Amino acid sequence: MIHSMVFAIAILGAMVGTTQAQLIEKQALTLKGAKQIVAVAEAKAKLEGARVVIAVVDEGGNLLLLQRLDDTQVASVNVGIDKARTAAIFRRPSKVFEEQVRNGRVAALALHGAVPLQGGVPIVVEGQVIGAIGVSGETPDQDEDIALAGAAVAASFTK
Amino acid sequence: MRYLLTTLTAAAIAMSASTGYAESVADKRGLMLEGARQVIAATVDAARKADAPGGSIAVVDEGGNLLALERLDHTFAASANIAIGKARTAALFKKSTKVFEDAIKNGRTSMVTLGGDLQNFTPLQGGIPLEWEGKVVGAIGVSGAAQDPRCHHCGSSCVAHHAGDMINEFSVLMKAGAGAKTIAGTIHPYPTQAEVNKKVVNLWRKAHFTNGQKNILTKWFAWTRKR
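Note that this is a predicted model, so its numbers are computed, not measured.

Draft legend 1. Quick look at the overall build of chain B. If you tally the helices and strands in chain B, you get 10 helices and 4 strands. Shown N-terminal to C-terminal, the secondary structure of chain B runs as helices and strands in the order α-α-α-β-β-α-α-β-β-α-α-α-α-α. Among the 227 residues that make up chain B, the fraction classed as buried is 25%. Expressed as a percentage of contacts within chain B between residues at least 6 apart in sequence, the contacts between residues at least 24 apart total 61%.

Draft legend 2. Seen up close, the overall build of chain A. Across its full length, chain A holds 5 helices and 4 strands. Of the regular secondary structure in chain A, the N- to C-terminal order runs α-α-β-β-α-α-β-β-α. A burial count over chain A gives 45% of its 159 residues as buried. Contacts in chain A between residues far apart in sequence, at least 24 positions, make up 66% of those at least 6 positions apart.

Draft legend 3. Structural view of the interface of chain A and chain B. Contacts between chain A and chain B engage 15 residues on the former and 14 residues on the latter. Residue classes in the side of chain A that touches chain B are distributed as 8 nonpolar, 4 polar and 3 charged. Where strand β2 (residues 63–68) of chain A meets strand β2 (residues 66–71) of chain B, 3 bridges bridge the pair, whose relative direction is antiparallel. Bridging from a neighbouring strand, Gln67 of chain A pairs with Ala68 of chain B of β2 of chain B.

Draft legend 4. Summary view of helix α2 (residues 31–48) of chain A. Residues and elements named next belong to chain A. Compared with an ideal rise of 1.5 Å per residue, which puts 18 residues at 26 Å, α2 spans 26 Å between its outermost C-alpha atoms and is within 8% of the ideal. Residues of α2 that are buried make contact with β1 (53–58), β2, β3 (120–125), β4 (128–136) and α5 (140–152). Following α2 by one or two positions, Gly49 adopts a phi angle in the positive range, close to 70°.

Draft legend 5. Focus on the nonpolar core. Counting 58 residues, the largest nonpolar core has Ala41, Val56 and Ile133 of chain A together with Ala58, Leu69 and Ala87 of chain B as the members making the most contacts within it. Here this core takes 9 residues from helix α4 (residues 79–93) of chain B, the largest share from any one element. Those residues in contact with Ile133 of chain A that lie beyond four places of it in its chain are Ile37, Ala41, Ile54, Val56, Ala84, Val121, Ile123, Ala147, Gly150 and Ala151 of chain A.

Draft legend 6. Focus on the environment of Glu42 of chain A. Residue and element names in this part refer to chain A. Structurally, Glu42 can be placed in helix α2. C-alpha of Glu42 to C-alpha of Val52: the two residues are 10 residues apart in sequence and 8.6 Å apart in space. The residues touching Glu42, leaving out its near neighbours within four places in the chain, are Ile54, Gln67 and Leu69.

Draft legend 7. Layout of the confidence of the model for chain B. Here chain B averages 81 in pLDDT, while 79% of its residues score no lower than 70. Overall fold confidence for the complex sits at a pTM of 0.67, while the interface term, ipTM, reaches 0.73.

Draft legend 8. A look at the sheet that holds strand β3 (residues 127–132) of chain B. One open sheet accounts for 8 strands, arranged β3(A)-β4(A)-β1(A)-β2(A)-β2(B)-β1(B)-β4(B)-β3(B); its pairing is antiparallel. Only two strands of the sheet have a single neighbouring strand rather than two, namely β3 of chain A together with β3 of chain B. Averaged over all pairs of adjacent strands, the angle between strand axes in this sheet comes to 20°, irrespective of strand direction. One ladder, built from 6 bridges, connects β1 of chain A with β4 of chain A; its direction is antiparallel. Looking at β4 of chain A, one finds that Ile54 of chain A is bridged to Val135 of chain A. Across the sheet, helix α3 (residues 76–89) of chain A lies against β1, β2, β3 and β4 of chain A together with β2 of chain B, angled at about 155° from β4 of chain A, the strand it touches most.

What counts, and at which threshold
- Residues numbered from 1 in each chain as written.
- Chains lettered and ligands numbered in written order.
- Predicted model: local features only at pLDDT ≥ 70, side-chain atom pairs only at ≥ 80, totals over all residues.
- Helix = DSSP H or I, 4+ residues; strand = E, 2+ residues; numbered from the N terminus.
- Buried ≥ 20, exposed ≤ 12 C-beta atoms within 10 Å, placed from the backbone.
- Contact = placed C-beta atoms within 7 Å.
- Nonpolar A, V, L, I, M, F, W, Y, C, P; charged D, E, K, R; others polar.
- Pairing = 2+ DSSP bridges.
- Expected span 1.5 Å × (residues − 1).
- Core = buried A, V, L, I, M, F, W, Y, C linked by C-beta atoms within 7 Å.
- pLDDT = per-residue confidence, 0-100.
- Axes fitted to C-alpha atoms, helices over the stretch in contact; angles between N-to-C directions.

The structure is reproduced here in structure tokens:
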């Protein structure tokens with residue numbers, strides 16, 4: 001008897017719980033938005049004579065747009081995608097992990113899906129990470145500067 | 001003296017090597033980013049015209065390395081890697097990836113194992129080499145743009161006496177979103193001119209059987225004959 005009463009209360013509780021929302025609103029980066037980000041990054045790269053790959057991934061870390069500027073080393077394709085994915089799924093610049101490793105936290109190398117290499121930066125709109133940009137091909141600092149220039153475009157994004 | 005001799009020999013080898021230089025290195029054409037962009041733009045245009053539900057389009061260079069990629073809005077995420085794989089496969093084999101899909105479908109299943117050695121080997125239709133003056137300079141791969149496989153009738157033309165009356169049947173088919181099967185399965189009054197509609201549809205279906213369907217039918221007929 002007591003058992004069935006407890007059970008009934010539990011069901012009641014679950015039903016009350018349903019009055020709260022089960023879904024959240026999410027912002028999604030469109031291809032057009034990604035193109036605007038890459039265009040600015042590309043302009044900066046060309047200005048500096050940098051030969052880089054610029055990759056933009058969505059919030060899930062999946063590739064949306066990629067450009068390998070002429071004469072860029074081909075290995076940068078995968079590194080660029082990896083940096084972008086790292087920044088997207090961990091919601092922080094990939095530089096954070098490079099620094100952790102440098103400061104002795106070798107365990108950061110074991111993080112699934114992350115490459116601890118500077119040059120990946122999240123794309124943020126209204127405090128939400130909606131994707132990330134990864135740049136590879138030149139020095140770590142130059143890669144990141146180009147990525148930051150691209151990511152900054154998101155500040156002007158509207159629905 | 002010995003040192004001098006060594007130097008001379010080295011110089012002689014270097015000279016003989018340099019004379020052969022011209023034949024040792026070949027000229028190569030490489031696709032540039034601008035070319036890749038133009039290819040993608042044309043493909044996106046074609047996808048829109050064909051009412052494709054979306055698509056990821058990848059362009060790789062002749063070494064199979066990614067040059068540019070675009071994933072159209074709302075296209076499923078996995079398509080990005082599939083598109084790269086298709087393009088890469090087409091570039092490295094200098095062949096349309098349909099060749100591999102067909103070969104595997106027609107029974108050469110062991111071809112799937114090519115993926116063991118080759119990173120991202122994707123034997124799926126949708127990868128095509130890009131050629132320039134007869135040389136492969138890269139490849140394009142498209143994924144996620146296929147239409148709903150449930151086929152329906154899209155159009156007809158008819159030349160005959162009373163063609164205007166006869167084509168009604170196909171108009172109904174289109175309106176109902178049905179396929180050729182519907183006409184084939186309908187009993188037509190005999191002998192009437194409209195019966196030819198059914199015959200046309202049957203001929204079309206006969207010509208469009210897939211290899212798998214043919215296989216099953218062959219076995220079925222062989223089995224029924226035995227009985």
